[in-house]
Structures are given as structure tokens and as C-alpha cells.
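Fold and contact review
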Amino acid sequence: MHRKTPAPLSVWRPLNLDRFLLGAPHYPEHVDESWWRRDAERMATAGVNTVRMGEFAWHIFEPHEGKFCFDLFDRAIDVLGEAGIGTIMCTPTATPPRWLTANYPEVLRVDVNGRSAGHGSRQHADTTSPVFRAHSRRITRAMASHYKDNPRVIGWQTDNELNTTVSESFAPSTRLEFQKYLQKTYGTIDALNFAWGGNFWATAYDDFSQIELPRPLMPSYPSPGHVQDYHRFLAAATAAFQHDQVEVLRATNPDWFIFHNLGQLADIDFRGQFGQDLDFIAFDIYPMLYDEMRRTGGHAATQALHLDICRAYSGNFIVPEQAAGLGSQPGFSTMTPEPGEMRRMAMTSVARGADGIMFFRWRPAHFGAEIYWMGVIDHDDVPRRRYDEASRFFHEITAIKDQILGTVVRMDLGIAGADFDNQEAHKTYPIGLPSPLEDATLLHRHCYRNGIACGFIHPEDDLSRLKALYVPHWVMWKDQWNDAVETFVRNGGTLILSAMSGTRDENNHIIREQAPGNALATLSGVRVTEFGRVVPEGGNGLFPLFRQAAMGAYVPPSPLPSSSAERKYHFALGNRQFEAAHLYELLEVAPDTEVLGVWSNRFCAGQPAITSRSLGQGRVVYIGTYLTPELAETIVDVVLAKAGVTPLLPELPAGVEVSIREAKDRQLMFILNTRESPVTIPNVPPGIDLLTSRPVAGAVELEAYGCIVVLLSL
Ligand code: GAL
């Protein structure tokens, strides 16, 4: 396997490996050694080329402080290696051993109420702790030098899903590190007092040592600047924790690839040092975890959304954990992928940018907190349908990997994403409004259902391949992005800005200019004269307060009575009337700017709500409200169609997803049936289905959960 130096982070970046990684996380420490060889043989037969191991095995690598023992894993790596399977090793810092937490209890996280984490599960150690960091460097050094010359260890995963169980800590050492971070960031206490607005509620400090960690509602709200900096600090600390490990691994063997597997995406700034340190990122895909949450739109749509979000950070990625069967921990369980669906879900990951897939896990555990998390093989050691499906998938991908590697996912519509500051800025002061991602999800879902090539992209990325860019309510719009978006528009792109854009600076201060700030006002031809809240159906203005209080002590009465839901605001766009959601803005419009949508009732009647300004070859649209499913659909029909954003396949049947992976010389169209019954796709363009090597064109029948990968005739 060959590893190239990674290119700079970009959604358009393919993986820097020439191997398509196929396999499963594997836990030889959970399996009787007499089964290992059969496991390896079955894996090889199924087409596995890689396993991942070790992420929870620190207690085996270092059973006593300073005494290392690699025998078990050395034997496991050899057995697999003899079957032609390479190993990705993990730094095992998600589960420090008991001797460590007993001898150094100061490494344990402390929750917001001052309770210290106990030993006995995972992610109990605080990655901001200098003591824990020293141990993390120690175990990484020991493992790296042990595996330095073992050609069967091909790469590394850092830790495991950092911050997924918990990202915060309120330990005394966390507070000290936070103070150091602030001192480094601000230099003087006066600069910090200005940034956090110290004259509001007497939150000014004389010295960095007086600063506390921000606790929600203790008893009222901390400053948004304080909260934002706490999360910036957590992200910087997480990156530093990982950087320690990366530094050791790179210095030991520069041929190893290094990645991290993302889980819940909390307090990690992937486009910062965290992502720049890695070869690529990895994303664990468990779409069925979200089925029981209302309004997700189904697990297929959720999976596509998660993959597109993830790709925005750094381009193509691997999926080191792709759901194979029913998943559970003691407090929950997921649905089970039906026959064919495990392969379809894996194919969806490939269709949206995965250049490596590993099914979680090779075999299920017989003990511990995930005994009903099913793997490829069953508990009784019998390979059944999940083995057959994994095997089919691995062989199919092996056969077409050369066509896939080197391609990236086409996007006609980009949604601004992957920006840590904007994501956090919303959370510091949400006032019940949807987050940028919640709003963008409505547009993404509409595009997904209609086969429009839509994904997420950061404004600092290469925008030139897009036809349109939607910016979902980024309050912390930064001036350094203005030139890039203006060039994008002048060259023919459509930029869509939305309510509240650009209203705060990097300290979370409200800007002193008229919204959306001079630069965006000039670009869009719009200034906001007034904004106001639209009460959601069944809404209660105090509900978010009660909900947050529940994190402390107060548990709200449920359900809360709704208040003034009758005060509705309407606007007209095209020949349709819409009910506004969440917020109205009244717009003052420059003479060269066209009014597309107008408020149509109450005191706002007749005032502009949605506008469009032509600039160069393109245009800037401003939407003075939040999306609803109806508005998202109309924006696509009225605005985006004119920008050339149209479905990849006309008349896409319900439940069918389509995407394109492309390189200069080829286009692969993935068409996947996410439903349990067969479907006919009417207008498939001519090409060869790489999975069957058969020509396709026109109407094509897909079986339940069926997939085709069409190499389009160019
Ligand atoms: C992931 C995690 C794995 C395993 C899996 C199933 O989030 O990385 O270690 O716990 O979920 O729960």
C-alpha cells in the first residue's frame, strides 16, 4: 500500500491511499485464541484486507505502570497478516486502565455539578488534563516503537470517537488549563473583559486566575463570549491531545497513515489543527440510531446528511464502523438492517465519499456493555446473512475500486458548513431558533429526495465547482470570506444568504452596523430594518430556559402549555403564499435589487422579505426568514433551477437515492434503492453497471435495497 502526503483540506480531496480499505474492527482480546485462525480465514474469504484493533486495550498493552506487554496483539496481528490482512492499530486512550485512574484520580472528568467520573465505562479521563496527556504520550510512544518495523501494522486511528460520550469537564485542572488558554489568546485581562463584555452583569475580572468555567444557569446565563471561548478551548485541547499522539506516530514511522473516527462531532474543529494533523478523517455510520428521533426523515436520509456533513471537513473519508446489524447498549437499541440493506447502507457511504468501509464489528461481544451489538458473524460463531452480505460487498468493491479511488462527489448546491465558530455561536445564544444545521437539513432533505447533487462546503474551500451556495444563518460571517463569495457570484454562482447572517462579530458582540453588516449589505443589496420572532406552533418562549435548567436541578413540567401561537406571519413568493417560521426580517432594498418575496399580512404587509441582486454573471439572493419544507422546495424551484441546479435523474421514484462520483476522465452514477420493495428507475442515462458489467439505459429495475453503479458513457 502506498500513502501520499495529504493535500490541503478540501471537500474535493480524494483519499491519499491506493488501497480501498475493507474490513472490520476486531477485538481478539474478546475471542478465544483457538478461534483466531478461523476468523482470519473467513475474513480473507470474504474479501477483508484490513482490521482495526486495540482502541480499548490499554490495560493489556500496559498491565502495570511502565510494564508493557504486546504479546496478545502481536500474535493476533501475525495470524491475520498470514491471511493477507493488514492491521490498523489504535491509540487506546478512550479507556485508561484502572491502575491509572486509581493512582492519578485527578485525570477523571468532573461534570457540571461537580461529580467526578467513576472508573468502569469509557471516556472517563479528561483530555485537557496535563497528567492524562503525559500518560497518553507515554503509551503512544511505547506502542509506536513496538510496532515501528512491523509491516503488518499499516496505519493508526487516534483514540476512539473523541468527545462522543462527553466533551466537557469542570475539573479543577480543566479550569486551570482554560485560564492558561485565555491568557495565551488575549494577553491582557482588559482584552478579555472587552471580548466578553465585562461591564454587563459585573463579569469583569482583575486577573485570569479569577475566571471560572461557564456553567449554564448557575444561576443565570453566562456571557456568550465566555461560553464560546470555553468551547474553543475544548476544541483546542482536543486537537492538542491528538497532536501529541500524531507527533509521536509521525516521528516513528512516516509511512503510517493516521486518522480519527468521528462520532458525535462535539467540540472538535476539524478544519483546524485537528483535521490538518491527519491523513484523512473517518466517520462511524450508525444511521439507525436516529430512527427513533422524530423528524429525521428516515435513516437513509439521515445517513446521506451525515456523510455530506462529514465530507465538508476534508473530502473523502473512510468509515471504520459501518452498522452491520442490530445495535444496542443497555439503554437503547436500534432497528436491524433487513436483508440487502447492510450492503445498501455501505454502498451509500461509498456513493457519498467513503474510500474505505469496515463493518462494525467482526463478531459481537459476549460480555460488557454492548452484548447485543451484532457483528458480521453471530455469537454462536456461525456466518449467516450478514457475513454473506459483507462478503458480497467486499468483493464487489474490490472489483471496481480502481474506478472509485481518485473520484470525488459532485455537488451543484453547496450548503455552508464545517465552520466551528458559527456552529458554536448559535449555541451560545439560540433563543429557540433552529441551528444553522437544523435549517440546512430542510434544504438537504429536499435535494436528497429529488436527486439534486447537494452537500456541505466551507467558504474557504474551492467554490468554483458549485452552481449555488446557501449560507444558513451564519451570525459570525467573517470578512475574510467576502472576496471568495463575491468572485463566486461574479463568475456565475448564486449565493443565498439568510436571516441573521453576519449580525455578530467574533466576540459574539452584535455588530454596530445595520444588519447584515456593510459588506454583506453591499453584496446583497439589502439592509434589515427590523426583525422579530415568529412563535412556532405549540411554542412557549420559556421552554428552552426550562430545558436548559434540567441540566442543573430543575425538571420542567411536561407538556408545557402553548402561548400565542395564533400570531402568524405570511409572505408571497412567486404565486404562492407561505407561512413564515421562526423569524421575520423587514428589508430595505437597494435600487439595483429585485424583490422576489413580500410580507403579506399584519403590520409587515408590503415590505420585502426575499430579494435578488444580479452581480457579474451571478446573483445574490437574501431570504429574510428561516426555511420551512415548503420554502425549501420553492427556493429550489424558483431560485436554484435558474442557477442550473437540477435533479441528476428526472422523475426519481420515492426512496431512491442518486449521486455522482467523478474525476476528469469518468463519472460514476450511484443509484440505490433504500426501500424494501423493487422499483423501476425511468431515465437512467446510458452506461455500464460496474457491479454486473451490463449496459444500462432508460428504465432500470432495482430489487429491494438494490444498487447499481453506472459508469456513464461520456
Ligand atoms: C461507536 C464506538 C464503538 C462502539 C460502537 C457501537 O460509537 O466507536 O466503540 O461502541 O459505537 O456502540
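Per an unreviewed UniProt entry, the protein chain goes by Beta-galactosidase and derives from Mesorhizobium calcicola. The protein chain has a UniProt comment under Catalytic activity (unreviewed entry) that states "Hydrolysis of terminal non-reducing beta-D-galactose residues in beta-D-galactosides."

Some details on the sheet that holds strand E13 (residues 454-457)
Taken together, nine strands build an open sheet; the order of strands is E13-E12-E14-E15-E22-E21-E20-E17-E18 and the sheet is mixed. Unpaired on one side and paired on the other, E13 and strand E18 (576-579) mark the two borders of the sheet. When strand polarity is set aside, the average angle formed by the axes of neighbouring strands in this sheet is 25°. Where strand E12 (residues 413-416) and E13 come together, four bridges link them in parallel fashion. Paired with Ala416 across the strands is Ile457, a residue of E13.

Details of the site of the ligand
Surveying the vicinity of the ligand reveals the residues Phe56, Arg122, Asn160, Glu161, Asp284, Tyr286, Glu321, Gln329, Phe360, Glu370 and Trp373. At a separation of 2.8 Å, an oxygen atom of the ligand approaches a polar side-chain atom of Arg122. Glu161 is positioned with one of its side-chain polar atoms (N or O) 2.6 Å from an oxygen atom of the ligand. For the ligand, whose free accessible area comes to 300 Å², the fraction covered by protein is 94%. Of the residues assigned to the shell around the ligand, the class counts are four nonpolar, two polar and five charged.

Considerations on the packing of helix H1 (residues 36-46) against helix H12 (residues 385-404)
The geometry of H1 relative to H12 is characterised by a closest axis approach of 8 Å and an angle of 50° between their N-to-C directions. As summarised for this structure, H1 and H12 are arranged oblique, according to the angle between their axes. Residues Arg42, Thr45 and Ala46 of H1 lie in contact with H12, whose contacting residues are Tyr387, Ala390, Ser391, Phe394 and His395. In the contact of H1 with H12, the residues fall into four nonpolar, three polar and one charged.

Digging into the nonpolar core
Residues Met89, Tyr147 and Phe393 are the most contacted members of the largest nonpolar core, which totals 121 residues. Top element by residues in this core is H12. It accounts for seven residues. When residues of this core are sorted by domain, at least three fall in each of domain 1 (413-534 + 569-643) and domain 2 (656-712). When residues no more than four places from it in sequence are discounted, the contact partners of Phe393 are Leu22, Arg343, Ala346, Met347, Val350, Ile357 and Phe359. Residues Trp12, Val408, Leu495 and Leu497 belong to the second largest nonpolar core, which totals 27 residues.

Considering the sheet that holds strand E26 (residues 694-702)
The strand order E11-E23-E24-E27-E25-E26 describes an open sheet built from six strands, whose pairing is antiparallel. Edge positions in the sheet fall to strand E11 (408-409) and E26, since each has one partner strand and no second. Examined bridge by bridge, strand E23 (residues 656-663) and strand E24 (residues 666-673) share eight bridges and lie antiparallel to one another. Paired with Ala663 across the strands is Arg666, a residue of E24. Each of E11, E23, E24 and strand E27 (707-712) touches helix H11 (residues 341-351); the most contacted strand, E24, lies at about 150° to it. Where H12 meets the sheet, its contacts fall on E23, E24 and E27, and the angle it forms with E24 comes to roughly 135°.

Section: a nonpolar patch on the surface
Nonpolar side chains collect at one region of the surface, where Phe200, Trp201 and Tyr221 lie side by side and expose about 380 Å² of accessible area between them. Note on placement: Tyr221 falls in the loop between helix H7 (189-196) and helix H8 (224-252). We classify Tyr221 as partly exposed; its relative accessible area is 36%.

Focus on the pairing of strand E1 (residues 21-25)
Of all the five residues making up E1, five are buried; the element is thus mostly covered by neighbouring parts of the structure. One ladder, built from three bridges, connects E1 with strand E10 (residues 354-360); its direction is parallel. Within the sheet, the bridge partner assigned to Leu22 lies in E10 and is Ile357. Pairing of E1 with strand E2 (residues 50-53), which is carried by three bridges, proceeds in the parallel orientation. Its bridge partner lying in E2, Gly23 is registered against Thr50.

Basis of the calculations
Residues numbered from 1 in each chain as written. Predicted model: local features only at pLDDT ≥ 70, side-chain atom pairs only at ≥ 80, totals over all residues. Heavy atoms only, no water. UniProt positions renumbered as here; feature names shortened; annotations may be inferred. Pairing = 2+ DSSP bridges. Helix = DSSP H or I, 4+ residues; strand = E, 2+ residues; numbered from the N terminus. Axes fitted to C-alpha atoms, helices over the stretch in contact; angles between N-to-C directions. Near = heavy atom within 4 Å. Polar contact = N/O pair within 3.5 Å; in protein donor to acceptor, adjacent residues only side chain to side chain. Areas by Shrake-Rupley, 256 points an atom, 1.4 Å probe, with all protein chains shown as cover. Nonpolar A, V, L, I, M, F, W, Y, C, P; charged D, E, K, R; others polar. Parallel < 35°, antiparallel > 145°, perpendicular 65-115°, else oblique. Contact = heavy atoms within 4.5 Å. Core = buried A, V, L, I, M, F, W, Y, C linked by side-chain atoms within 4.5 Å. Buried < 20%, exposed > 50% of the residue type's maximum accessible area, 1.4 Å probe, protein only. Domains from an automatic or database assignment. Patch = residues over 30% accessible without salt bridge, like charges linked within 9 Å, V, L, I, M, F, W, Y side chains within 5 Å. Salt bridge = Lys/Arg side-chain N within 4 Å of Asp/Glu carboxyl O.

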